[in-house]
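Read off the chains here:
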Protein chains: 2
Amino acid sequence: MSDEFSRIARYFAPLAGVAGRGLMDDAAVLAPPPGRELVLTVDQMLEDVHFLPADPPELIARKLLRRNLSDLAAMGAVPLGYLLTTALPPRLDESWLANFAKGLETDQKLFGISLLGGDSSSSRHGISLSATLLGHVAPGAALPRNGARAGDEIWVTGTIGDAALGLAARLKQLAAPTGSLIARSMLPEPRVGLELAGIVSAAIDVSDGLVQDLGHLCKGAGLAAMLHADLVPASEAASSLGAAVLETRLTGGDDYELLLAVPPGNGAALKAACGALPVTRIGVFQPGAGVRVIDDSGTEMHFQSSGWKHF
Amino acid sequence: MSDEFSRIARYFAPLAGVAGRGLMDDAAVLAPPPGRELVLTVDQMLEDVHFLPADPPELIARKLLRRNLSDLAAMGAVPLGYLLTTALPPRLDESWLANFAKGLETDQKLFGISLLGGDSSSSRHGISLSATLLGHVAPGAALPRNGARAGDEIWVTGTIGDAALGLAARLKQLAAPTGSLIARSMLPEPRVGLELAGIVSAAIDVSDGLVQDLGHLCKGAGLAAMLHADLVPASEAASSLGAAVLETRLTGGDDYELLLAVPPGNGAALKAACGALPVTRIGVFQPGAGVRVIDDSGTEMHFQSSGWKHF
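In every chain, residue numbers begin from 1 and rise along the written sequence. Chain letters start at A and ligand numbers start at 1, both assigned in the order the entries are written. Per-residue local features of the predicted model are confined to residues with pLDDT of at least 70, and side-chain atom pairs are confined, for both listing and counting, to 80 or more; whole-chain, interface and lining totals are unaffected and use all residues.

Novice: I would appreciate a short explanation of the sheet that holds strand β8 (residues 223–228) of chain A in the present structure.
Specialist: Neighbouring strands of a sheet are bound in pairs by backbone hydrogen bonds; such pairs are parallel or else antiparallel. Residues and elements named next belong to chain A. Any two strands with at least two DSSP bridges between them are considered paired. Strands here mean DSSP runs of E at least two residues long; helices mean DSSP runs of H or I at least four residues long; both are numbered from the N terminus. Taking strand neighbours across the sheet as the criterion, the 7 strands line up as β7-β9-β6-β10-β8-β11-β12 in an open arrangement whose pairing is mixed. Lying at the two open borders of the sheet, with one neighbouring strand each, are β7 (202–205) and β12 (300–301). As defined by bridge partners, β8 adjoins strand β10 (residues 279–287) across 5 bridges and the pair is classed as antiparallel. Within β10, the residue paired with A224 across the bridge is Q286.

What follows is the structure in structure tokens.
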């Protein structure tokens, strides 16, 4: 592979925005848009943890950006730009990097962001990637994780469980009925661009699993949640797999839908704000602690795990 | 080791500043101090590339912050806070993490920064770390890399070459006369806090090697540089090793001194701005391209490499 400086000039400098100074400086310089606050988040993707070595580099790049864009979406922020780190082992060839950069370019255009800076290193071990995403919000309008109140409804965008089922299909643990599940596990759709300030009282993106992420909203607010398993929206492909995959759907990660606390009476405003994106009421916050999942007969369900944790 | 959420709560949440929201949210929210622009930079540290597996975790953490702080120093920025990623293999024990966090805490206090957010992952391969540092500058006052003009003098802070000699000593390629060289290779001193705007025309930190980093200043400005090898300041320990280590000193990395382009006549102002920190004139920018290194007889010197590149 070409050396560090050639790689930066060839693949990354063309992706840089004005604040990135052509990646020719020690750092990026920017001011938030007038009257806005900055929102910052970072996520990494590691070989054999977040992706498999043979995954297409274009999709790895896009998922790296999208996981972070989803965090911005959960804050109600408008995406602005990003910093990138890459650590690449010598076994990778130039086409891997070219396709990785192509994936970045595709999603930069789709989401209106540009590269602000980064760091490019060799790796003696696996591929290691990270992106720091910047967005902006009106002052005080960032959506909190800890704002739910007892009586607030629990709503979720889109459908839940496709990504976990797609991963199971890729690992040959499951026969997927269509390619849509695998596609969703490799290229999530971050729900950026929704105007939810004033409508929801708390928000989080479903990255580690619905039950676990709902637990984060509960813990932040000092509340319990009752989740109706039968109300949790499933895609057509997931539905066709029946009740056997319910636990995988509710505790699997990587959906990148938004999980919202919504004061009673705000459901219609929420639907209007989400436009063509379906949004579904799936439970309620109550005094207490912890997440209770109940089936359609009202019986409490128990799962082996609530979601993904890194040990 | 404890799981992800326990680790975050125990070791990282206590390091969070106000904008980091106790690390309980999807992202950090902040505005730059009134009337200031933000400066952003990211650097990573990988096992077996940037540090050795047995290095003390406290020093790894501090060097991670300091490499980034040095980039802020090269922009003339005041440090503000940082985002952190850690990817840790299961072989590490809890004390590794506790000491790593202790190193972060030490340097947070020393440099007046706080943790804004991060991402904690397991790793199936080596240890992988990154930090995104934020700082701020007066609008338009960020020091550029590309601002040198023909006739500008080349100045450098501190002494050059200790870190490369320290690394050679650690790798048993060299008998170090004192522990100071090794100490400097493991814990660099970022030159933050100097008020250089209006005094220097360009700045970069010496991270990859003096000759190579001077080459970046030349390329950015479309100029050549003449560097007087005998003027390049050496520490007492480095001096005691004599002329045999000159190439290592001039092309080795990790010094984290500032390399500056200074218009003629500004030397006294530069010295005043640097206070107790020594600063030395080592050459001059000229029309042309590339870096010429000359010895005390005016003869051009040639080296095998100009500095560190990642392949």
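Novice: I tried to follow the interface of chain B and chain A on my own but got confused; where do I start?
Specialist: How big an interface is tends to be reported as the loss of accessible area on association of its parts. C-beta atoms are first placed from the backbone for all residues, and any pair lying within 7 Å is then listed as a contact. Every contact between the two is made by 57 residues of chain B and, on the other side, 57 residues of chain A. Contributions of two or more residues to the side of chain B that touches chain A are made by α1 (4–12), β1 (28–30), β2 (37–46), α2 (57–74), β3 (78–88), β4 (114–122), β5 (128–137) and β7 (202–205) of chain B. In terms of residues, the side of chain B that touches chain A owes the most to one element, β2 of chain B, which gives 9 residues. Pairing analysis gives 3 bridges linking strand β2 (residues 37–46) of chain A to β1 of chain B, with the strands arranged antiparallel. Bridge assignment links L38 of chain A to a residue of β1 of chain B, and that residue is L30 of chain B.

Novice: Explain the domain arrangement of chain A here, please?
Specialist: Residue and element names in this part refer to chain A. Domain borders in the structure are assigned automatically or taken from a domain database. The domain architecture assigned to chain A consists of domain 1 (4–137) and domain 2 (153–301). Computed over C-alpha atoms only, the centres of domain 1 and domain 2 are separated by 27 Å. With 15 residues of domain 1 at the contact, the number on the domain 2 side is 14 residues. The leading source of residues in the side of domain 1 that touches domain 2 is helix α2 (residues 57–74), at 11 residues. Just so you know the grouping, Ala, Val, Leu, Ile, Met, Phe, Trp, Tyr, Cys and Pro go in nonpolar, Asp, Glu, Lys and Arg go in charged, and all remaining residues, Gly too, go in polar. In terms of residue class, the side of domain 1 that touches domain 2 is made up of 7 nonpolar, 2 polar and 6 charged.

Novice: Any chance you could explain the confidence of the model for chain A here in plain terms?
Specialist: Note that predicted coordinates carrying low pLDDT should not be read in detail. Overall, the predicted model of chain A reaches an average pLDDT of 92, with 98% of residues at or above 70. Predicted as a complex, the structure gets a pTM of 0.91 and an ipTM equal to 0.89. Each residue carries a pLDDT value, the predictor's own confidence for that position, ranging from 0 to 100.

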